[in-house]
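Examining the three-dimensional arrangement
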Amino acid sequence: VSDRFCEACGAPLAPVADGESVGERREIDAGFAGGLTNTGLVKSRNQDALYLQVEGDVAVTVVCDGVSSSAGADAAARVACAAAGRSLSASAATGNPEQAMRAAIAVAQRAVLGIPWERSGGLAAPSCTFIAARWDGKEVTVGSLGDSRAYWIDEEVALRLTDDDSWVREQVDAGAMSEVEAEAHPNAHQITRWLGADAPPGPPDITTFAPQRSGRLVVCTDGLWNYVSGADAFASLVRAVEDASSDATAPLPVARALVDHALANGGHDNITVAVIDIAAPGDAHRDERTTEGKRT
Amino acid sequence: MTNFSAETYQNSFLPVGGTEVNAVVRISASNAQAPPGGAAPAAELILIDVSGSMHYPRSKIREARAAAAAAIDCIRDGAYFGIVAGNTEASEVFPGNGELAAASDATRREAKRRVDALKAGGGTAIGQWLQCADRLFAAHAGAIRHAILLTDGQNADETPEELDATLSACAGNFQCDCRGVGADWQVSELREISSTLMGDVALIREPEQMADDFAALMQRAMGRAVNDVALRLWTPQGATIRFVKQVTPDTEDLSDRRVAAGNLEGDYATGAWGDESRDYHVCIEVPARDVGEQMLAGRVKLVVDREVLSETKILAEWTEDERLSTVLNPQVVQASGYHDYAQVAQEGVSALRDGDLDTATTKLAKAAQLAHALGDQDKLRELGLVVDIVDAATGQVRPKSKIDELDMMEVDAGSTKTVRRTRPGS
């Protein structure tokens, strides 16, 4: 007779081994996109998950950060990430990109709801943050719930493409605190949107961005941006990484260097970074970048 | 610190395709005592009927005074208390001024002196008494609030709707045990009050029996140390709760008391607890699973002050083996038996009053069979007051040719009382 049961459906639970999950890929090199996830220096487990796939001109990345106050946070991040990633990769290149993103988020939510879990230690239902970006050769579509971020960096501009769903942003938007004050507050890491059974309702933030010049899309969890928050600082860091090494400018080495930056600053959280090199249609540097793999 | 324990009695095996899960959950409290820092604050009120009928016979008002005095003597030092006399209005006999007094030798003596001077006169509006109690208890929100209500007549001077409205307003604010003396009050009316206010109801046949009963009630109230205890029932997605019923010490359907506590959980208030043990019959309908599979069909937690003090599981497992699935759990059989008994006994008495002897005979025959199966000699004795029991086992009964109203009331009022027993022969 089992004495552990799912808190949602009552089904008996198989014994689950604790510790790192087996066979999870830590680094993904997909040509013009690359990324990795790292446990960091403080946390004992990695509750981030990364999906990254390139097919032809289309690149898809999904990054989920398991909410540590929830049960099965790592499972939530893993299943949400895989489900949304598969959904976005399978969606037709000619379809409506916003609809594809909405569908992927819905699939990820269902996947998280399906996780068996057991109530213990005051943990909430399994939940995770969500960010996904899809480059279809013309536009970048980004969907987000929570506090992972997407940045765009090219030769002329540095942009943050997402707003955090967070306590900090609520305080700043309400004019109650400056961003610096709010980020120093004990509540700074509280999020206001996530995936899971107790997720607040409402449509997710979805933005579409058509790059004018070739550049880099960087998607990351707060394990990185905690150490380099503003778009300009973030861009400076990316450019410094590129300048530091003559050959460290392919997406995966850039992502590694960004993770190293977080580790060098304490690595207090799990760190996940995905980098997609985007060659804008009609950009003069396009051929040069793709043949040499290096920005000029 | 009070210890609560929870235990499930059930046969968890269901036949192929079976969906109904029955279980009796036994909650026991031991070493009931107040949280550190002093005695649990208690607030007690005695509500005495002083309508004109309390003079007939004159022993009623005299014994009511004696009963109140006996109860007052059981109130421990420091507990807050008050006396309310009720007719069509409620008057604060002691201490007055909308307050309760802390019990001491002096206040108990003064309260008894004033009770001794009570005179009867006027009609009956019980809602007024309860409203007065509600006002007096309002200043003692942190205390275990309990009242004893004594009446000898029907609630003639207000409408049932007025009483209902008052009960709704008072529900959850205090608990109230109801006692009826003589044959002129309505069992169903007092049962409605005691049920809503989480107390019990009983008939006092003779005025002389009042004092002992009141003392026992007050002693029980003084033994309660943990307030606002709730049963929290978790059921899985897709399940339906058929009912949640208290089995002992009284049968009481709690299903409508459910207050949602999150998505899959609901709370059922059970009032204040002393050192005691109560049984609850939980019936849950779950989606059938395949043979050999098992599931958690429910979980009962005991919640005090948002803290879970004890919990127990209700399981379901499906089997093709009928030797397993057809076995009845004795506690579940007893729980069902007592609930069925209360229903048929009340319906039987009601039919007797209406002169519908056929229905009365059928219902009371069923009641006798149930009492026999339960092995409950008290119930058989009570039924014997209104019917001649030819053979309890086969349910052969004959209504008595002349039936005393008090006897019918005793069967009626006693129908919800339960005693824990296993089945005879098991």
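Residues numbered from 1 in each chain as written. Chains lettered and ligands numbered in written order. Predicted model: local features only at pLDDT ≥ 70, side-chain atom pairs only at ≥ 80, totals over all residues. Heavy atoms only, no water.

Here's the deal with the overall build of chain A
When helices and strands are counted, chain A shows eight helices and 13 strands. Looking at chain A residue by residue over its 296 residues, the buried ones come to 51%. Pairs at least 24 residues apart make up 69% of the contacts formed inside chain A by residues separated by at least 6 positions. For chain A, the accessible area works out to roughly 12,900 Å², and carbon and sulfur atoms hold 51% of it. (Helix = DSSP H or I, 4+ residues; strand = E, 2+ residues; numbered from the N terminus. Buried < 20%, exposed > 50% of the residue type's maximum accessible area, 1.4 Å probe, protein only. Contact = heavy atoms within 4.5 Å. Areas by Shrake-Rupley, 256 points an atom, 1.4 Å probe, with all protein chains shown as cover.)

Quick notes on the overall build of chain B
For chain B, the count of helices and strands is eleven helices and 20 strands. Across the 426 residues that make up chain B, the buried fraction comes to 55%. Taking the contacts inside chain B whose residues are at least 6 apart along the sequence as the reference set, 73% of them involve residues at least 24 apart. Looking at chain B as shown, the accessible area adds up to about 18,000 Å², and 47% of this sits on carbon and sulfur atoms.

Comments concerning helix α8 (residues 330-354) of chain B
Residue and element names in this part refer to chain B. Between its first and last C-alpha atoms α8 spans 36 Å; for 25 residues at 1.5 Å apiece the expected length is 36 Å, and the two agree. In this structure Asn 329 caps α8, since a side-chain oxygen of it lies 2.9 Å from the backbone nitrogen of Gln 331. Among the residues trailing α8, Gly 355 stands out with phi positive, at a value near 75°. (Expected span 1.5 Å × (residues − 1). Polar contact = N/O pair within 3.5 Å; in protein donor to acceptor, adjacent residues only side chain to side chain.)

What to know about the interface of chain A and chain B
A common measure of how large an interface is: the accessible area buried when the components associate. Taken together, the contact pairs twelve residues of chain A with twelve residues of chain B. Around 990 Å² of area is buried between chain A and chain B when both sides are counted, 50% of it from carbon and sulfur atoms. It is Phe5(A), Glu7(A) and Ala8(A) in chain A that bury the most area against chain B; as a group they hold 44% of the surface buried on that side. Connecting chain A to chain B are one salt bridge. (Buried area = accessible area lost by both parts, 1.4 Å probe. Salt bridge = Lys/Arg side-chain N within 4 Å of Asp/Glu carboxyl O.)

What about the sheet that holds strand β4 (residues 58-65) of chain A?
Residue and element names in this part refer to chain A. The strand order across the open sheet formed by five strands is β3-β4-β6-β7-β11, and the pairing between neighbours is antiparallel. Edge positions in the sheet fall to β3 (48-55) and β11 (205-209), since each of these pairs with one other strand and no more. If you compare each strand with its neighbour and ignore which way they point, the axes differ by 10° on average. As defined by bridge partners, β3 adjoins β4 across eight bridges and the pair is classed as antiparallel. Note on β4: the bridge partner recorded for Val 54 is Ala 59. Packing against the sheet, helix α1 (residues 73-90) makes contact with β3, β4 and β6 (130-135), and its axis sits at approximately 165° to β4. (Pairing = 2+ DSSP bridges. Axes fitted to C-alpha atoms, helices over the stretch in contact; angles between N-to-C directions.)

Section: unusual backbone geometry
Residues and elements named next belong to chain B. With an omega dihedral of -10°, the bond running from Tyr 56 to Pro 57 counts as a cis peptide bond. Looking at the secondary structure, you find Pro 57 in the loop between β4 (42-49) and α1 (59-73). Cis geometry is adopted by the peptide bond preceding Pro 249, which originates at Thr 248 and carries an omega value of 5°. Relative to the helices and strands, Pro 249 is located in the loop between β12 (240-248) and β13 (252-253). One non-glycine residue, Asn 97, lies in positive phi territory at about 60°. On the secondary structure map, Asn 97 appears in the loop between β6 (90-94) and β7 (101-102). Overall, Asn 97 belongs to the exposed group, its relative accessible area being 74%. A positive phi angle, near 50°, is found at Asp 228, a position not held by glycine. You can see Asp 228 is positioned in the loop between α6 (210-222) and β11 (229-234).

Topic: the sheet that holds strand β16 (residues 276-285) of chain B
Residues and elements named next belong to chain B. Strand order in this open sheet of five strands is β1-β3-β16-β12-β13, and the pairing throughout is antiparallel. The open sheet has two free edges, formed respectively by β1 (3-9) and β13, since each of these has just one partner strand. Here β1 pairs with strand β3 (residues 20-30) via seven bridges, running antiparallel. Each residue of the ladder has a partner; that of Ser 5, found in β3, is Ser 28. Across the face of the sheet, α8 comes into contact with β1, β3, β12, β13 and β16 while running at roughly 95° to β3.

Remarks on the confidence of the model for chain B
Residues and elements named next belong to chain B. Taken over all residues, the pLDDT of chain B has a mean of 92, while the share at 70 or more is 96%. Segment residues 422-426 is flagged for pLDDT under 50; beyond a separation of four residues in sequence, or across chains, it makes seven contacts in the model. In the predicted assembly, ipTM is 0.71 and pTM is 0.65. (pLDDT = per-residue confidence, 0-100.)

Remarks on the packing of helix α4 (residues 160-170) of chain B against helix α5 (residues 187-196) of chain B
Describing two packed helices takes the angle between their axes plus the distance from one axis to the other. Residue and element names in this part refer to chain B. The interhelical angle for the contact between α4 and α5, taken along N-to-C directions, is 20°, at an axis separation of 10 Å. The angle between the axes of α4 and α5 places the two elements in the roughly parallel class. The handedness of the crossing between α4 and α5 is right-handed. Listed contacts from α5 to Leu 163, Asp 164 and Leu 167 of α4 are Glu 189, Glu 192, Ile 193 and Thr 196. Taken together, the residues that form the contact of α4 with α5 break down as three nonpolar, one polar and three charged. (Parallel < 35°, antiparallel > 145°, perpendicular 65-115°, else oblique. Left-handed = near helix turned anticlockwise from the far one by under 90°. Nonpolar A, V, L, I, M, F, W, Y, C, P; charged D, E, K, R; others polar.)

Concerning the pairing of strand β13 (residues 271-278) of chain A
Residue and element names in this part refer to chain A. Among the eight residues in β13, eight count as buried, and that is most of the element. The two faces of β13 match: Ile 271, Val 273, Val 275 and Asp 277 on one face and Thr 272, Ala 274, Ile 276 and Ile 278 on the other face are all buried. Relative to β13, strand β2 (residues 33-38) runs antiparallel, the two sharing six bridges. By the bridge assignment, Leu 36 is partnered in β13 with Val 273. Bridge count for strand β12 (residues 215-220) against β13 is six bridges, and the pairing is antiparallel.

Focus on helix α2 (residues 105-116) of chain B
Residue and element names in this part refer to chain B. With twelve residues, α2 extends 16 Å between its outermost C-alpha atoms, agreeing within 8% with the 16 Å of an ideal straight helix rising 1.5 Å per residue. Those residues of α2 that sit buried are Thr 107, Arg 108, Ala 111 and Val 115. Taken around the axis of α2, the buried residues stretch over an arc of 100°, which confines them to a single face. Every exposed residue of α2 that faces more than 90 degrees away from the buried side is listed here: Asp 105, Arg 109, Arg 113 and Asp 116. Close packing links the buried residues of α2 with α1, β5 (80-86), β6 and β7. (Arc of directions from axis to C-beta.)

Observations regarding the packing of aromatic side chains
How two aromatic rings sit relative to each other is set out by the distance from centre to centre and by the angle between their planes. Taken as a whole, this structure holds five aromatic pairs over all chains when the rule is applied. Arg278(B) extends its terminal NZ or CZ atom over the ring of Trp273(B), reaching a point 4.0 Å from the ring centre. (Phe/Tyr/Trp six-rings, centres within 6.5 Å; stacked < 30°, edge-to-face > 60°. Lys NZ or Arg CZ within 6 Å of the ring centre and 35° of its normal.)

Brief notes about the nonpolar core
All names here are of chain B. In this structure, Ile 46, Ile 48, Phe 81, Ile 83, Leu 150, Phe 214 and Met 218 are the most contacted members of the largest nonpolar core, which totals 35 residues. For this core, the secondary-structure elements that each account for two or more residues are β4, α1, β5, β6, α2, β8 (144-151) and α6. Discounting residues that sit within four places of it in the chain, Phe 81 has contacts with Glu 44, Ile 72, Ile 75, Phe 94, Pro 95, Leu 100, Ala 101, Ala 102, Ala 103, Thr 107, Arg 108 and Ala 111. Core analysis: the second largest hydrophobic core is formed by 31 residues, Ala 43, Leu 47, Cys 178 and Val 201 among them. (Core = buried A, V, L, I, M, F, W, Y, C linked by side-chain atoms within 4.5 Å.)

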